[in-house]
Amino acid sequence: MVSNGTSPLSPLAQEALDALATALPDESELTYEQAYAILKDEEDLERPAAEDIVERLYMKGHLYEVEGKLRLTDYEAE
């Protein structure tokens, strides 16, 4: 889980998180493919870089997975 900002995100990871949150559909979840497409369109990240950012966000607790889909953890835009 996120620990009150003790492990800040890099600017690129923060921008990616913002892009994912902005594009989040009404169901409040994304497939991995949707996440990669959003990062490609919004942040111009190719697939390997998008996969890396998604993994970092997941490992830091900003994203979590439910039945193969990604959800954001208590996200608030800065």
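Basis of the calculations
Residues numbered from 1 in each chain as written. Predicted model: local features only at pLDDT ≥ 70, side-chain atom pairs only at ≥ 80, totals over all residues. Heavy atoms only, no water. Phe/Tyr/Trp six-rings, centres within 6.5 Å; stacked < 30°, edge-to-face > 60°. Helix = DSSP H or I, 4+ residues; strand = E, 2+ residues; numbered from the N terminus. Buried < 20%, exposed > 50% of the residue type's maximum accessible area, 1.4 Å probe, protein only. Contact = heavy atoms within 4.5 Å. Polar contact = N/O pair within 3.5 Å; in protein donor to acceptor, adjacent residues only side chain to side chain.

(A) Layout of the packing of aromatic side chains. Per the stated rule, a full pass over the model turns up 1 aromatic pair. Geometrically, the ring pair formed by Tyr32 and Tyr36 is tilted, given 6.2 Å between the ring centres and 50 degrees between the ring planes. A residue pair is termed a helical-turn pair when its members lie 3 or 4 positions apart in one helix, as Tyr32 and Tyr36 do in helix H2 (residues 32–43) at 4 residues. Given the relative accessible area of 12%, Tyr36 is considered buried.

(B) Focus on the environment of Arg47. Looking at where Arg47 falls in the secondary structure, it is placed in helix H3 (residues 47–59). Its relative accessible area of 38% is what places Arg47 among the partly exposed residues. Taking the C-alpha atoms as reference points, Arg47 and Ala37, separated by 10 residues in sequence, lie 8.4 Å from one another. Excluding its chain neighbours within four sequence positions, the residues that come into contact with Arg47 are Glu33 and Tyr36. Here the side chain of Arg47 touches Glu33 through a polar contact of 2.9 Å, side chain to side chain. Among the polar contacts listed, one links the side chain of Arg47 to the side chain of Glu51, at a separation of 2.7 Å.

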